[in-house]
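One letter stands for each residue in the lines below.
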Amino acid sequence: MADFHHETGRLILRDWREEDWEPFWRHLNTPNVTRHLGGLADAEGRQRARQRLELYRREHGHTFWVTQRRRDGGHLSGEIIGFCGLKRCNEPKGPVGDFEAGWRLREDAWGHGYAKEAAQASLDLAFERFDAPHVIALTVDENAPSWGLMKRLGMERREDMDFPDSASWAVGETIIVYRMDRSQWEALRSEAANG
């Protein structure tokens, strides 16, 4: 399987390398970043997360890729700012097997539009490269920045798809679902091209 590498205006989405893990955890295993994700990860939790991300790529050809600022002299030039990408939903009570977009950025990358840029690229890749019929995104109601981004991307809130948590990242909470169908994505692309 060839290494994955995709560039946007300011970002690179790419496969993980051994040297990525230390800075990733140093910048993203913080109380604010993990507040809605099950809290700080201990060594065992970090290893499990790594194994999951690597497994997604092996099984499906995509994962939550390293998201890196391009070396362009801008804010966080050349730095790993988090991850963003696609996996298949594996929540036991959720829509198992659906394409799922997800992202996680370090605190000093918040508020610069990086999450939207990376998430938009991930949606485009889902439909163009991986032939997804639709894409979901998951969060909890308290995580307004996350579902706010889902709305800005043009995803639709689907209360009928919400499900109770059965995994560690949202213990005891209802996982809320946003979704975008291929036809919605095509309409947004057409609008942007003609706008």
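What counts and what doesn't
- Residues numbered from 1 in each chain as written.
- Predicted model: local features only at pLDDT ≥ 70, side-chain atom pairs only at ≥ 80, totals over all residues.
- Heavy atoms only, no water.
- Buried < 20%, exposed > 50% of the residue type's maximum accessible area, 1.4 Å probe, protein only.
- Helix = DSSP H or I, 4+ residues; strand = E, 2+ residues; numbered from the N terminus.
- Contact = heavy atoms within 4.5 Å.
- Salt bridge = Lys/Arg side-chain N within 4 Å of Asp/Glu carboxyl O.
- Pairing = 2+ DSSP bridges.
- Right-handed = clockwise from strand over helix to strand, strands pointing away.

Engineer: What's the story with helix α1 (residues 21–28) in this structure? I'm lost.
Structural biologist: Note on helix geometry: an α-helix contains 3.6 residues per turn, so any two residues three or four positions apart are oriented the same way. Looking at α1, one finds that the buried residues are Trp21, Pro23, Phe24, Trp25 and Leu28. Looking at the buried side of α1, the elements it contacts are α2 (43–60), β4 (80–88) and β5 (99–105).

Engineer: How should I be thinking about the pattern of salt bridges in this particular structure?
Structural biologist: It is possible for side chains of opposite charge to pair when their charged atoms get near one another. Per the stated rule, a full pass over the model turns up 19 salt bridges. Among the salt bridges present, the one from Arg48 reaches Glu44, with a minimum N-O distance of 2.9 Å. Note that Arg48 and Glu44 are positioned in helix α2 at a spacing of 4 residues, about one turn of the helix. The network of salt bridges with shared partners includes Asp3, Asp15 and Arg57.

Engineer: When you look at the environment of Leu105 in this model, what are you seeing that I'm missing?
Structural biologist: In this fold, Leu105 is placed in strand β5. Taking the C-alpha atoms as reference points, Leu105 and Ile81, 24 residues apart in sequence, are found 5.6 Å from one another.

Engineer: For this particular structure, what's the right way to read the pairing of strand β6 (residues 134–140)?
Structural biologist: Regular strands show a simple pattern: their side chains alternate between the two faces of the sheet. Of all 7 residues that make up β6, 7 are buried, and the element is covered over most of its length. Here β6 shows no split at all, with His134, Ile136, Leu138 and Val140 on one side and Val135, Ala137 and Thr139 on the other all buried. The sheet contact formed by β5 and β6 spans 2 bridges and is parallel. Paired with Glu100 across the bridge in β6 is Ile136. At this point the chain moves from β5, through helix α3 (residues 114–128), to the parallel β6, and the crossover so formed is right-handed. In this sheet, strand β9 (residues 174–181) lies alongside β6 in antiparallel orientation, the contact comprising 7 bridges. Bridge pairing links Ile136 to Arg179 in β9.

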